[in-house]
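Spelled out, the chains give:
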Amino acid sequence: MMEAILREGLEALSLPSGGVPALVRYGELLAEKNKVMNLTAITDPAGTARLHFLDSAALLTLADFRGKAVVDVGTGAGFPGLPLKILEPSIRLTLLDAQRKRVDFLEEVCRDLGLGDVECVHGRAEEFAGERRESFDLAVSRAVAALPVLAELCLPLVKPGGAFLAMKSVGSGEELNAAGRAVQLLGGRLERPLDYAIPGTDVRHRLVILTKIGETPKKYPRTFAKIKKNPL
Ligand code: SAH
């Protein structure tokens, strides 16, 4: 069932289907682990295939990930980073999450799938910027924070010339407007949002692209307490 949905969905996105067996296995591991810890609210195979895997896969049709160093900030159970890596193996992937147990799960999945070259990091984005500032071609993130906060967590990690891709809902217009100042202060430029449909559903999502046009001033990111209390 999951396999058929994935094959159809990837075909609709004009993406190769070589990663389907790995995605199916990942779905099994996710369902199994979700019984004993809270990883995701979506538990059925069809929902996992569409709302996690195909939603993540759609990004490959909207930006060029080939050979890029990519960090997934607040990846949780691995979304969107792990499906991207499974479907585009040339990505050099770093999965970052503040919850130890989620990072342990990701390491388990990578071992099981034989994905040796994925870096799974337990840490907070605003602290990770201390060691890996401006070292990624792309940052991606889904369902972590509102854009003014998220931009301060993610843009410092991106090289000038790279981009931060934020997965948002199509109702994110106000959030986008509110982020204008933050994006500018952090060395970014807000591009025109790209709306896309998840195949096999009537769900439409939005990819918000922030191009990194200059260096992020050293005073950013601030501590999370300050970011939250006083978003840019
Ligand atoms: N991206 C996944 C998970 C979203 S839940 C998905 O779309 O399914 C949000 C995740 O972000 C949680 O796992 C939480 O631990 C992580 N998170 C929140 N703030 C963070 C921060 N500052 N740095 C790193 N991870 C963070």
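Conventions and cut-offs
Residues numbered from 1 in each chain as written. Predicted model: local features only at pLDDT ≥ 70, side-chain atom pairs only at ≥ 80, totals over all residues. Heavy atoms only, no water. Near = heavy atom within 4 Å. Polar contact = N/O pair within 3.5 Å; in protein donor to acceptor, adjacent residues only side chain to side chain. Nonpolar A, V, L, I, M, F, W, Y, C, P; charged D, E, K, R; others polar. Disulfide = S-S within 2.5 Å. Buried < 20%, exposed > 50% of the residue type's maximum accessible area, 1.4 Å probe, protein only. Axes fitted to C-alpha atoms, helices over the stretch in contact; angles between N-to-C directions. Helix = DSSP H or I, 4+ residues; strand = E, 2+ residues; numbered from the N terminus. Parallel < 35°, antiparallel > 145°, perpendicular 65-115°, else oblique. Left-handed = near helix turned anticlockwise from the far one by under 90°. Contact = heavy atoms within 4.5 Å. Salt bridge = Lys/Arg side-chain N within 4 Å of Asp/Glu carboxyl O.

## Remarks on the site of the ligand
Lining the immediate surroundings of the ligand are 16 residues, of which Gly74, Phe79, Asp97, Arg102 and Arg142 lie closest. Within the side chain of Asp97, one N or O atom sits 2.7 Å away from an oxygen atom of the ligand. When its residues are assigned to classes, the shell around the ligand shows six nonpolar, five polar and five charged.

## Regarding the state of the cysteines
Throughout the structure, instances matching the rule amount to zero disulfides. The structure places no disulfide on Cys120, whose sulfur is separated from the nearest cysteine sulfur, that of Cys110, by 4.2 Å. Given a relative accessible area of 15%, Cys120 falls into the buried group. Of all cysteine sulfurs in the structure, the one in Cys120 sits closest to Cys154, which takes part in no disulfide; the separation is 17 Å. A relative accessible area of 0% means that Cys154 is categorised as buried.

## Things to note about the packing of helix 1 (residues 2-12) against helix 2 (residues 20-34)
At a closest axis distance of 10 Å, the pairing of helix 1 and helix 2 adopts a crossing angle of 135°. Judged by the angle between their axes, helix 1 and helix 2 are oblique. Taken as a pair, helix 1 and helix 2 cross one another with a handedness that is right-handed. Here Met2, Glu3, Leu6, Arg7 and Leu10 of helix 1 come into contact with helix 2, specifically with Val20, Leu23, Val24 and Gly27.

## What to know about the pattern of salt bridges
Here the structure, examined in full by the defined rule, presents 18 salt bridges. Among the ionic pairs, Glu119 bridges to Arg132, the shortest N-O distance being 3.0 Å. Residue Glu119 is located in strand 3 (residues 119-122), and its partner Arg132 is located in helix 6 (residues 125-132); the two are separated by 13 residues in the primary sequence. Taking relative accessible area as the criterion, Arg132 reaches 24% and is therefore assigned partly exposed. For Lys212, the salt bridge is made with Glu134, and the minimal N-O distance between the two is 2.8 Å. With Lys212 in strand 8 (residues 204-212) and Glu134 in the loop between helix 6 and strand 4 (136-142), this residue pair connects regions lying 78 residues apart in the sequence. For the pair Lys212 and Glu134, one class covers both residues: buried. In the salt-bridge network here, residues are joined through shared partners; they are Arg25, Glu28 and Asp112.

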